[in-house]
Amino acid sequence: MYEEKGTGIGFLKATKARHAEEAIGHSEGLVTVLRLTQADLNPAEEALTIARQFFDAHQYAKAVQAARRAETIAIALDERFNGYQKAVKTLQSRIDSMKRLGLATEPGQAVLGRAEEKVLSGIWENGAFVPNYLEARALLDHAEQEGRDFQEKAEIASNRIFMAELALEALANATGGTNGSVSGREAASALEDSLHNATRELALGNAEGAAEIAKDLETKARRIRTLFRDATKTLDETDTNLADLRAEGVLTQTLENQMKIAQDMINRGLIEPAVAIAARLQGDAKTIGELYRKATTTLGDAQILYARLQREGFHSYEADAALRDARRAIREGSYAPAVEHLERAHRAFARRTNARTDLAKAIEDTRTRVRLLRSRGLAFMPDIQEVLGRAEREFHGGNYSGSSEDLRIATVLLDEVTRAPHPKKGNGGL
């Protein structure tokens, strides 16, 4: 009976020993395979060593536990190492991509070093000191995310800078005027500092600031190029208008000098003030043409009218002076003052015409009074008719002052006659 019992116990121990040996062998095989990777499996190998020690001490249950623990540690370390390696490759790829774009990669390189240090520093986990792949991977993932975010912003900024460069190039190549006499080269040069600022901000890692600077620069360059086209187009139209005015005989030297100033401002990059000057010159050219035509036309009409009035006996120092001043102003190109002088001459003509009209009406009124009083047989009526007739002849002869004087005499005589008492008829002859 005791022999059977001893045999059973031996069989049980042998079974446990076999199970322990199989567990250790399985774990050793796994560790051997995983050792082909670069993962640090020292903690798993240490657990295997402990499992062998338990096996040698015939503590088979503990040996199995230690072997399984070694297997668990090996698998975990392998998985963590693979994740760590993948994170390293991903970050390194991000660094290479950033290098190709000319971006700063020092922060990423530094994280690679810190991650390696973090792995080597290790961590205690369930009684085993293992490489700290988890925290190292977290560092790498965070750095890669930051690098990706920055690269995306940097690519946006780079595109903005490229578009700004194109806008500046278009502005610099813009030309206008006769034979391309004006260009936007200086205007573009004045904006190059902003382009350098955007590039510098990108190199310093301020991608958002660089993008903002480049965007503003592109907008400004495009706006200035539009203003450049407007200014040159306006100046070209004005130049054509001035040529037509010169053909008419208009003096345009002052406007031509100002045109040269505007063109010089464009060539010096002062586009915005040049636009204002160009618009004003266009309006001035139109105005001076209108004033010239008004002055010359009005002068011709005034001379014809004055000649007719002179034939009628009208002479006016004021009209002579006004016409003389108008001719001089036209010769000097001062067309607005010429129009004012001609208006002064016309006022003199108007006063003369009004006086003539008033005198004609007064003569007619006096003639009517004479007709009404003729039947009374007044003694002075022949004298009055003679004076009135002389006034009419002088009026038609253009001697308006003499006519006015004779009319005044005739009017006084009529007033005296109409106020004198008339002789009564009846008892006077008895």
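Residues numbered from 1 in each chain as written. Predicted model: local features only at pLDDT ≥ 70, side-chain atom pairs only at ≥ 80, totals over all residues. Heavy atoms only, no water.

Chemist: Just give me the short version of a negative patch on the surface, but keep the residues and values in it.
Modeler: A cluster of acidic residues, Glu146, Asp149, Glu152 and Glu155, forms a negative patch at the surface. Turning to its location among the elements, glutamate 146 is positioned in helix H5 (residues 133–173). Exposure remark for glutamate 146: the relative accessible area of 46% places this residue in the partly exposed category. (Patch = residues over 30% accessible without salt bridge, like charges linked within 9 Å, V, L, I, M, F, W, Y side chains within 5 Å. Areas by Shrake-Rupley, 256 points an atom, 1.4 Å probe, with all protein chains shown as cover. Salt bridge = Lys/Arg side-chain N within 4 Å of Asp/Glu carboxyl O. Lys, Arg positive; Asp, Glu negative; His and termini not counted. Charge placed at Lys NZ, Arg CZ, Asp CG, Glu CD. Helix = DSSP H or I, 4+ residues; strand = E, 2+ residues; numbered from the N terminus. Buried < 20%, exposed > 50% of the residue type's maximum accessible area, 1.4 Å probe, protein only.)

Chemist: Report on the packing of aromatic side chains, specifying residues and quantitative values.
Modeler: Across all of its chains, the model carries one aromatic pair by this definition. Geometrically, the ring pair formed by tyrosine 292 and tyrosine 335 is edge-to-face, given 5.2 Å between the ring centres and 80° between the ring planes. Of this pair, tyrosine 292 sits in helix H10 (residues 271–311) while tyrosine 335 sits in helix H12 (residues 335–373), and the two are 43 residues apart along the sequence. Classification of tyrosine 292 by relative accessible area gives buried; the value is 14%. With relative accessibility at 2%, the residue tyrosine 335 sits in the buried group. (Phe/Tyr/Trp six-rings, centres within 6.5 Å; stacked < 30°, edge-to-face > 60°.)

Chemist: Help me get a handle on the nonpolar core, residues and values and all.
Modeler: Formed by 63 residues in total, the largest nonpolar core has its most connected members in Leu202, Ile266, Leu323 and Phe349. Listed by contribution, the elements that provide at least two residues to this core are H5, helix H6 (185–189), helix H7 (192–203), helix H8 (207–248), helix H9 (253–267), H10, helix H11 (317–332) and H12. Excluding residues that lie within four positions of it along the chain, leucine 323 makes contacts with Leu299, Ala302, Tyr306, Leu342, Ala345 and Phe349. (Core = buried A, V, L, I, M, F, W, Y, C linked by side-chain atoms within 4.5 Å. Contact = heavy atoms within 4.5 Å.)

Chemist: Can you explain a nonpolar patch on the surface? Please cite residues and give values.
Modeler: Taken together, Phe162, Met163 and Leu166 make up a surface patch of nonpolar side chains, about 250 Å² in accessible area. Here phenylalanine 162 lies in helix H5. Phenylalanine 162 gets classed as partly exposed once you look at its relative accessible area, which sits at 45%.

Chemist: Describe the pattern of salt bridges, naming the residues involved and giving the relevant values.
Modeler: What the rule picks out here adds up to 13 salt bridges. Of the charged contacts, one joins aspartate 141 and arginine 137 as a salt bridge, the two residues approaching to 3.6 Å between their closest N and O atoms. Of this pair, aspartate 141 and arginine 137 both sit in helix H5, separated by four residues, roughly a single helical turn. Exposure remark for aspartate 141: the relative accessible area of 37% places this residue in the partly exposed category. Judged by relative accessible area, arginine 137 falls into the partly exposed class, the value being 36%. Arginine 148 is the salt-bridge partner of glutamate 144, the closest N and O atoms lying 2.4 Å from each other. Pair noted here: glutamate 144 and arginine 148 are both in helix H5, with a separation of four residues, about one helical turn. Judged by its relative accessible area of 26%, arginine 148 falls in the partly exposed class. What emerges from the salt-bridge pattern is a single network uniting Arg94, Glu144 and Arg148.

Chemist: Please give an account of the side chain of glutamate 218 that cites residues and values.
Modeler: Locating glutamate 218 in the fold gives a position in helix H8. In this structure glutamate 218 comes out as buried when scored by relative accessible area, which is 11%.

Chemist: I'd like a description of the packing of H7 against H8, backed by residues and values.
Modeler: H8 packs onto H7 with a crossing angle of 165° between their chain directions and a minimal axis gap of 7 Å. Here H7 is positioned roughly antiparallel relative to H8, judged by the angle of their axes. Considering only the axes of H7 and H8, their crossing is left-handed. On H8, the residues touching Ser194, Leu195, Asn197, Ala198, Glu201 and Leu202 of H7 are Ala207, Ala210, Ile213, Ala214 and Leu217. For the contact of H7 with H8, the class distribution of residues is eight nonpolar, two polar and one charged. (Axes fitted to C-alpha atoms, helices over the stretch in contact; angles between N-to-C directions. Parallel < 35°, antiparallel > 145°, perpendicular 65-115°, else oblique. Left-handed = near helix turned anticlockwise from the far one by under 90°. Nonpolar A, V, L, I, M, F, W, Y, C, P; charged D, E, K, R; others polar.)

Chemist: Just give me the short version of the side chain of threonine 238, but keep the residues and values in it.
Modeler: For threonine 238, the position within the fold is in helix H8. Exposure remark for threonine 238: the relative accessible area of 2% places this residue in the buried category. Reaching out from threonine 238, the side chain makes a polar contact with the backbone oxygen of threonine 234 at a distance of 2.8 Å. Setting aside anything within four residues of it in sequence, one finds threonine 238 in contact with Met259, Ala278, Leu281, Gln282 and Ala285. (Polar contact = N/O pair within 3.5 Å; in protein donor to acceptor, adjacent residues only side chain to side chain.)

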